[in-house]
Amino acid sequence: MLKNILVVKLSAIGDVIHALPVSYAVKETFPDAHLTWVVEPPAYDLLKMNPCVDEIIIFRKKEFKTLKGFIRNFFSFRSELQREKFDAVLDLQGLFKSAAIAFFAKSNVKLGICNMRELSDKISTPVVGENSRGHIVERYLDTARAIGCKVERVVFPLEIPAEEIKKAAAVMEQAGLRAENSYAAFVIGANWPNKRWDTENFARLSDWLYDRKIVPVLIGNGALDSERAAEISAQTSIPPVSLVDKTNLQQLAYVIKNARLAVGGDTGPVHLAAGLKVPTVMIMGPTDANRNGPYGQTQNALEVDRECKACWKRACRKNLDCLENISVAAVTEKISAILKSQ
């Protein structure tokens, strides 16, 4: 019976979302276990919504980048990490930074994902399970299975705080989205340039949805997403509702959870939609649906029709617009099937 388990999954938000079912699997099998999770600040609010996580340790990577910062922060972080001995450490990141954390954690059992890199396999034993070539969610769950978790159900445990629900509802109403509106969430940005569908396509899709009495709602954050939102609005017959830069992560979860469907690239909020069981159309180019598609509904993934698809490169070496071959018609066909099933 395991009583104390450490999960190391630091970033990015989409990757942390993919790892959430591991926490549920642990509690499903070992309900009395104390689960600690090490995470970087951007995904902290996501874990705060996870009832399966008992303790969160924040790893502030930026503060370790200088010698002065390392000296100032290392010993306090190590002390926090070593307060207790763990029955098992699961390194779901598989990189040097997570390996360093796993190294200092007190445990005789240290396991990692199947495809570990940057010498992380020298600290934690890779778990090459039956899903080693499957979806990343299942690859993470193979590590949970390796410590005896049953994994009878795949659950993304998220509970949105009541106060954040109220704030999100107020933001939506202020932006012109009434509670009775049927709406679709457009995730218009992504960290990789070649994961961003063209703004003209989003604009045409927006008009198409309005014709079907579904309100398009733009979500995202940062200067680039704000710029893209303005471009989309300028190209539409009726401007969509924009919630770009108007919600925090927990409020965004509420917006997505109540959407009729979500559309976007391989990025955090789109994976959040899939985890919340919102019908999700994912537009994919440099990554592949087998590994990173919307979990549980990979039939809704649209992969670019090119030999070089799923190259896993942030920038195209052929100077192509990676997603230009995914048409608005292809997306509306997917959405039509979803609406028909609803």
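Heads up: the structure comes first, above all this text.
Conventions and cut-offs
Residues numbered from 1 in each chain as written. Predicted model: local features only at pLDDT ≥ 70, side-chain atom pairs only at ≥ 80, totals over all residues. Heavy atoms only, no water. Phe/Tyr/Trp six-rings, centres within 6.5 Å; stacked < 30°, edge-to-face > 60°. Buried < 20%, exposed > 50% of the residue type's maximum accessible area, 1.4 Å probe, protein only. Helix = DSSP H or I, 4+ residues; strand = E, 2+ residues; numbered from the N terminus. Lys NZ or Arg CZ within 6 Å of the ring centre and 35° of its normal. Pairing = 2+ DSSP bridges. Contact = heavy atoms within 4.5 Å. Axes fitted to C-alpha atoms, helices over the stretch in contact; angles between N-to-C directions. Patch = residues over 30% accessible without salt bridge, like charges linked within 9 Å, V, L, I, M, F, W, Y side chains within 5 Å. Areas by Shrake-Rupley, 256 points an atom, 1.4 Å probe, with all protein chains shown as cover. Salt bridge = Lys/Arg side-chain N within 4 Å of Asp/Glu carboxyl O. Core = buried A, V, L, I, M, F, W, Y, C linked by side-chain atoms within 4.5 Å.

### A word on the packing of aromatic side chains
Here's step 1: If you walk through the whole model with that rule in mind, you get 9 aromatic pairs.
Here's step 2: With centroids separated by 5.1 Å and ring planes inclined at 35°, the aromatic side chains of Phe59 and Phe64 adopt a geometry described as tilted. Of the two residues examined, Phe59 and Phe64, each falls in the buried class.
Here's step 3: Ring centres 6.0 Å apart and planes at 80° place the aromatic pair Phe64 and Phe77 in the edge-to-face group. With Phe64 in the loop between strand S3 (55-58) and helix H3 (67-81) and Phe77 in helix H3, the pair connects residues that are 13 residues apart, well separated along the chain.
Here's step 4: One aromatic cluster is present, built from ring pairs that chain together Phe74, Phe75, Phe103 and Phe104.
Here's step 5: Positioned above the aromatic ring of Trp192, the side-chain terminus of Lys195 is 4.2 Å from the ring centre.

### Thoughts on the sheet that holds strand S1 (residues 4-8)
Here's step 1: Across the sheet, 6 strands lie side by side as S3-S2-S1-S4-S5-S6; this open sheet has parallel pairing. Each edge of the sheet is formed by a strand with only one pairing partner; in this case those strands are S3 and strand S6 (125-126).
Here's step 2: In the sheet, strand S2 (residues 34-39) pairs with S3 via 4 bridges, with the strands oriented parallel. Looking at the pairing, Trp37 lines up with Ile56 of S3.
Here's step 3: Packed on one face of the sheet, helix H1 (residues 13-29) meets S1, S2 and strand S4 (88-91) and runs near 165° to S2.
Here's step 4: Its contacts with the sheet place H3 against S1, S2 and S3, and it is angled at close to 160° to S3.

### Some remarks on the side chain of Ser11
Here's step 1: Structurally, Ser11 can be placed in the loop between S1 and H1.
Here's step 2: When near neighbours in sequence (up to four residues on either side) are disregarded, Ser11 contacts Val16, Glu40, Gln93 and Lys97.

### Topic: the environment of Lys62
Here's step 1: Structurally, Lys62 is set in the loop between S3 and H3.
Here's step 2: Residue classification places Lys62 among the exposed positions, given a relative accessible area of 72%.
Here's step 3: Taking the C-alpha atoms as reference, Lys62 lies 9.6 Å from Glu40; in sequence the two are 22 residues apart.

### Here's the deal with the sheet that holds strand S11 (residues 280-284)
Here's step 1: Strands sit in the order S9-S8-S7-S10-S11-S12 across an open sheet of 6 strands; the sheet is parallel. The open sheet is flanked by strand S9 (241-242) and strand S12 (301-303), the only strands paired with a single partner.
Here's step 2: Of the strand pairs in this sheet, strand S8 (residues 215-219) and S9 are connected by 2 bridges, and their pairing is parallel. Bridge pairing links Val217 to Val241 in S9.
Here's step 3: In the packing of helix H7 (residues 199-211) onto the sheet, the strands contacted are strand S7 (183-187), S8, S9 and strand S10 (261-265), and the crossing angle to S7 comes to about 175°.

### Focus: a nonpolar patch on the surface
Here's step 1: Where nonpolar side chains cluster on the molecular surface, the patch consists of Leu67, Phe70 and Ile71 and spans about 320 Å² of accessible area.
Here's step 2: Among the secondary structure elements, Leu67 is positioned in helix H3.
Here's step 3: For Leu67, a relative accessible area of 65% translates into the label exposed.

### Things to note about the nonpolar core
Here's step 1: Ranked by internal contacts, the top residues of the largest apolar core, which has 68 residues, are Val22, Trp37 and Ile219.
Here's step 2: In terms of residue count, H1 provides more of this core than any other element does, 7 residues in total.
Here's step 3: Leave out the neighbours within four places in its chain, and Trp37 touches Val7, Lys9, Val16, Ala19, Leu20, Ser23, Leu47, Asn50, Val53, Glu55, Ile56 and Ile57.
Here's step 4: Val244, Leu261, Leu323 and Ile326 belong to the second largest nonpolar core, which has 28 residues in total.

### What about the environment of Lys150?
Here's step 1: Secondary-structure assignment places Lys150 in the loop between helix H5 (136-146) and helix H6 (162-174).
Here's step 2: Through-space distance from the C-alpha of Lys150 to that of Cys114 is 19 Å; in sequence the pair is 36 residues apart.
Here's step 3: With sequence-adjacent residues up to four places away left out, Lys150 is seen in contact with Glu28 and Thr29.

### Looking at the pattern of salt bridges
Here's step 1: Per the stated rule, a full pass over the model turns up 9 salt bridges.
Here's step 2: Ionic pairing is found between Lys27 and Asp54, a salt bridge with its closest N-O pair at 2.6 Å. Residue Lys27 is found in helix H1, and its partner Asp54 is found in the loop between helix H2 (44-48) and S3; the two are separated by 27 residues along the sequence.
Here's step 3: Under the relative-accessibility criterion, Asp54 is labelled partly exposed at 40%.
Here's step 4: Taking the shortest distance from any N to any O, the salt bridge between Arg306 and Glu324 comes out at 3.0 Å.

Spatial relationships are all this shows, so hold off on functional conclusions.
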